[in-house]
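In case you want the letters, here they are:
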Amino acid sequence: MSSSSSLRSVVVSALILAVHGFYTASDDVVELNPSNFNKQVLQSDGLWLIEFYAPWCGHCQRLTPDWKKAATALKGIVKLGAVDADQHKSLASQYSIRGFPTIKIFGANKNNPEEYQGGRTSQAIVEGAMTALRSLVKDRLSGRAGGSGQSKQSGGGSGAGNKNDVVELTDDNFDRLVLNGDEVWMVEFFAPWCGHCQRLEPEWTAAATEVKEQTKGKVKLGAVDATVHQGLASRYGIRGFPTIKVFNKGENPEDYEGGRTRSDIVAHVMELFSANAPPPEVTEVLNQDVFKKTCDDHQLCIVAVLPHILDTGASGRNSYLDVMRMMAEKYKKKMWGWLWTEAGAQMELESSLGIGGFGYPAMAAINARKMKFSLLKGSFSETGIHEFLRDLSVGRGSTSPVGGGALPKIHTVEAWDGKDGQLPEEEDIDLSDVDLDDLEKDEL
């Protein structure tokens, strides 16, 4: 096909979309307009998720197949609608639509819809709809009127953030900082007049501060004013605001299509960070500083007490450490700390964790912030430790307060040299000066 024919095809397709919109009568998405909106949505008792779109909007075009798929999955449960805001400007104005696509949740209070802030995949849309539906049903059960079905949608609120943690990116510094730097970057391309961008700003700021702390600066969040730095916006094909792209050194940038809350952004960053991070080291507890730093710097520190070297030899100890390393690799996304010590070397630690009654090897997970711990009751094996940590990660593990209410005293010890243990040398007893006859008389 010639380039001129391709261009004509694109233009025709765009005209068709502009005239007919994205959806047809065969789709499970309800096309809404000023004539049917009041009866279909405002007078209904059900929950609606409604997309306000523009046919020329690239983000809207990419959302369409997922919106259709979600509508089919939710058929008979939650209704999904769509408004061509280019054609029906009065509806768009009524609900303060300033960017595309905008998704609104019409719950119990149809006159005060809330904005959907979740992901844009069909799975995320279905999960967001079900969360809103559960909230609506809960409000009805409790007798509360007028509440919105999205009261919990934001995922926990933004929290405070430091604006300085969002790096201002420009035509002059972008290549040096983003493309030639060693960090992973999430970059927001925004326009100051964009309503979606204004709502994203506090979430982006809070996420930047949390990401800086959790990744020690190895992942950074930046922002480009695309109305000022149009060369950058053009280079990366920015057609709507805000657009967020992920830049990983040596790879092509990828669009971020996840949720726009602080928690959504941080969760995605930690996925990126942990996927590229090496597994944590399994460190021997040699002194107070090693123990305290590991437990203070991580949400959980996993501590193993291994049998004495005389009981296992080097090969036995290394087999236990290999199991720990495998588990550290499996759970590296959790960003936990991993420690080990020899039985008897840190008795105060063993006592504070209730270790001893179950024999060795033993393992405990410590939350230093809450001064609580959980003890491995199963086998010290890949399966046993996996089940133990899996239960902890989903909140099913039982916990106890750390003995004494504080981290125990840690003794400074020599690092294991990697060799088999040696029994202490016995002193030779010189009996030449002992009169055995006198000993026998004394016994008599």
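Calculation criteria
- Each chain carries its own residue numbering, running from 1 in the direction its sequence is written.
- A pLDDT threshold of at least 70 governs which residues receive local features in this predicted model, and a stricter bar of 80 or more applies before side-chain atom pairs are shown or counted, although totals over entire chains, interfaces and linings include all residues.
- Side-chain figures throughout are based on the complete set of non-hydrogen atoms in the structure, without hydrogens or water.
- Only strands that DSSP links by at least two bridges are regarded as paired with each other.
- A run of H or I in DSSP becomes a helix once it reaches four residues, and a run of E becomes a strand once it reaches two; helices and strands are each numbered from the N terminus.
- All axes are obtained by fitting lines to C-alpha atoms, using only the stretch in contact for helices, and the reported angles, taken between N-to-C directions, cover 0 to 180 degrees.
- Our angle categories are set so that under 35 degrees counts as roughly parallel, over 145 as roughly antiparallel, 65 to 115 as roughly perpendicular, and the remainder as oblique.
- Handedness of a crossing is defined here by the sense of rotation of the near helix relative to the far one, left-handed for an anticlockwise turn of less than a right angle and right-handed for a clockwise turn.
- Contacts were defined at the residue level, with two residues in contact if any of their heavy atoms lie within 4.5 Å.
- Side-chain classes follow a simple rule in which Ala, Val, Leu, Ile, Met, Phe, Trp, Tyr, Cys and Pro form the nonpolar group, Asp, Glu, Lys and Arg form the charged group, and the remainder, Gly included, forms the polar group.
- Partly exposed describes any residue whose relative accessible area lies between the buried limit of under 20% and the exposed limit of over 50%, with all areas from a 1.4 Å probe on protein chains only and scaled to the type maximum.
- Every helix has an expected span of 1.5 Å times one less than the residues it contains.
- What the arc describes is the spread of directions from the helix axis to the C-beta atoms.
- The predictor rates its confidence in each residue with pLDDT, a number between 0 and 100.
- To qualify as a nonpolar core, a set must consist of buried Ala, Val, Leu, Ile, Met, Phe, Trp, Tyr and Cys residues joined through side-chain atoms within 4.5 Å.
- Each polar contact in these results corresponds to two N or O atoms within 3.5 Å; when the atoms are within protein, one needs to be able to donate a hydrogen and the other to accept it, and residues that are neighboring in sequence are counted only if both atoms are side-chain atoms.
- Bend is computed residue by residue as the angle between axes fitted to the seven residues ending at the residue and the seven residues starting at it.
- A pair of Phe, Tyr and Trp rings is counted when the ring centres sit within 6.5 Å of each other, with Trp represented by its six-membered ring. The angle between the planes then sorts it: under 30 degrees is stacked, over 60 is edge-to-face, the rest tilted.
- In this scheme, the term charge over a ring applies when either NZ of a lysine or CZ of an arginine sits within 6 Å of the ring centre and within 35 degrees of the ring normal.

1. Some thoughts on the sheet that holds strand 4 (residues 102–106)
Strand order in the open sheet made by the five strands is 1-3-2-4-5, with mixed pairing throughout. Pairing within the sheet leaves two strands with one partner each, and these edge strands are strand 1 (30–32) and strand 5 (114–115). Strand direction decides the pairing type here: strand 2 (residues 48–53) and strand 4, joined by five bridges, are antiparallel. When the bridges of strand 4 are listed, Glu-51 appears paired with Ile-103.

2. Section: the packing of helix 11 (residues 309–330) against helix 13 (residues 382–393)
The interhelical angle for the contact between helix 11 and helix 13, taken along N-to-C directions, is 40 degrees, at an axis separation of 10 Å. It follows that helix 11 is oblique to helix 13 by the angle criterion. When you trace helix 11 past helix 13, the crossing you get is right-handed. Listed contacts from helix 13 to Val-323, Met-326, Met-327 and Lys-330 of helix 11 are Glu-382, Ile-385 and His-386. A per-class count over the contact of helix 11 with helix 13 returns four nonpolar, one polar and two charged.

3. Digging into the environment of Pro-408
Here Pro-408 shows up in the loop between strand 16 (400–401) and helix 14 (436–443). Classification of Pro-408 as buried rests on a relative accessible area of 9%. Put simply, Pro-408 and Glu-348 are 60 residues apart on the chain and 5.9 Å apart in space, counted from C-alpha to C-alpha. Not counting chain neighbours up to four residues away, the residues in contact with Pro-408 comprise Gln-288, Phe-291, Glu-348, Leu-349 and Ser-352.

4. A word on the sheet that holds strand 10 (residues 254–255)
Whether parallel or antiparallel, the strands of a sheet pair through hydrogen bonds between backbone atoms. The five strands lie next to each other as 6-8-7-9-10, forming an open sheet whose pairing is mixed. Of all strands in the sheet, those with a lone pairing partner are strand 6 (166–168) and strand 10, marking the two edges. For strand 7 (residues 184–190) and strand 8 (residues 219–225), the ladder comprises seven bridges, and the chain directions are parallel. Considered in strand 8, the bridge of Phe-189 is made with Val-224.

5. Things to note about the packing of helix 3 (residues 58–73) against helix 5 (residues 122–142)
Where helix 3 meets helix 5, the axes come as close as 8 Å, and the angle between the chain directions of the two elements is 45 degrees. In terms of orientation, helix 3 lies oblique with respect to helix 5. Viewed along their axes, helix 3 and helix 5 form a crossing whose handedness is right-handed. Where helix 3 approaches helix 5, its residues Leu-63, Asp-66, Trp-67, Lys-69, Ala-70 and Ala-73 are matched on the opposing element by Ser-122, Ile-125 and Val-126. When its residues are assigned to classes, the contact of helix 3 with helix 5 shows six nonpolar, one polar and two charged.

6. Thoughts on helix 13
The first and last C-alpha atoms of helix 13 sit 16 Å apart over twelve residues, in line with the 16 Å expected at 1.5 Å per residue. Buried within helix 13 we find Gly-384, Ile-385, Phe-388, Leu-389 and Leu-392. All buried residues of helix 13 project into a common sector of 120 degrees when viewed along the axis, lining one side. Buried-residue contacts for helix 13 involve strand 12 (301–306), helix 11, strand 13 (337–342), strand 14 (362–367) and strand 15 (372–375). Positive backbone phi, approximately 80 degrees, marks Gly-395, located one or two places after helix 13.

7. Points about the confidence of the model for the chain
When pLDDT is averaged along the chain, the result is 85, and 86% of the positions lie at 70 or above. Counting contacts from residues 1–19, a segment whose pLDDT is below 50, to residues more than four positions away or on other chains yields seven contacts. Taken as a whole, residues 145–158 scores under 50 in pLDDT and shows 37 contacts with residues more than four places along the chain or in a different chain.

8. Regarding the nonpolar core
Membership of the largest hydrophobic core comes to 40 residues, with the highest contact counts inside it found for Phe-37, Leu-49, Ile-50, Trp-67 and Leu-80. Those elements that provide at least two residues to this core are helix 2 (37–42), strand 2, helix 3, strand 3 (79–84), helix 4 (89–94), strand 4 and helix 5. The element best represented in this core is helix 5, accounting for six residues. With residues near it in sequence (within four places) discarded, Leu-80 still touches Asp-28, Val-29, Val-30, Trp-48, Leu-49, Trp-67, Ala-70, Ala-71, Leu-74 and Ile-125.

9. Regarding the pairing of strand 15
Each regular strand displays side chains that alternate between the two surfaces of the sheet. Here strand 14 runs beside strand 15; their pairing, made up of four bridges, is antiparallel. Following the sheet pairing, Ala-365 is matched in strand 15 by Ser-374. In terms of strand pairing, strand 15 meets strand 16 through two bridges, oriented antiparallel. Each residue of the ladder has a partner; that of Lys-372, found in strand 16, is Pro-401.

10. Here's the deal with the environment of Glu-387
If you trace the backbone, Glu-387 turns up in helix 13. Each C-alpha atom, one on Glu-387 and one on Leu-376, is 9.4 Å from the other, the two residues being eleven residues apart in sequence.

11. Section: the side chain of His-196
Looking at the secondary structure, you find His-196 in helix 7 (residues 195–215). The exposure class assigned to His-196 is buried, which follows from its relative accessible area of 11%. One polar contact links His-196 to Arg-199, side chain to side chain, over a distance of 3.1 Å. Those residues in contact with His-196 that sit more than four places away from it in its chain are Gly-99, Phe-100, Pro-101, Thr-102, Glu-115, Phe-241 and Pro-242.

12. Quick notes on helix 3
Taking 1.5 Å per residue, 16 residues should reach 22 Å; helix 3 reaches 24 Å between its end C-alpha atoms and fits that length. In the structure, helix 3 departs most strongly from a straight axis at Thr-64, where the bend amounts to approximately 40 degrees and where the proline Pro-65 lies between one and four residues downstream. Looking only at helix 3, the buried set comprises Gly-58, His-59, Cys-60, Leu-63, Thr-64, Trp-67, Ala-70 and Ala-71. Each element contacted by the buried residues of helix 3 is listed here: strand 2, strand 3, strand 4, helix 5 and strand 9 (243–247).

13. Focus on the packing of aromatic side chains
Within a pair of aromatic rings, the relevant descriptors are the distance that separates the centres and the angle that separates the planes. What the rule picks out here adds up to 16 aromatic pairs. Centroid distance Phe-174 to Tyr-236: 5.7 Å. Interplanar angle 45 degrees. Geometry classified as tilted. With Phe-174 in helix 6 (residues 174–179) and Tyr-236 in the loop between helix 8 (230–235) and strand 9, this residue pair connects regions lying 62 residues apart in the sequence. Relative accessible area serves as the criterion here: at 0%, Phe-174 is assigned to the buried category. An angle of 15 degrees between the planes, with centres 5.6 Å apart, marks the rings of Tyr-331 and Trp-336 as stacked. Through a chain of ring-to-ring contacts, the aromatic side chains of Phe-37, Phe-52, Tyr-95 and Phe-106 assemble into a single cluster. Across from the ring centre of Trp-416, 5.0 Å away, lies the NZ or CZ of Arg-317, which sits over that ring.

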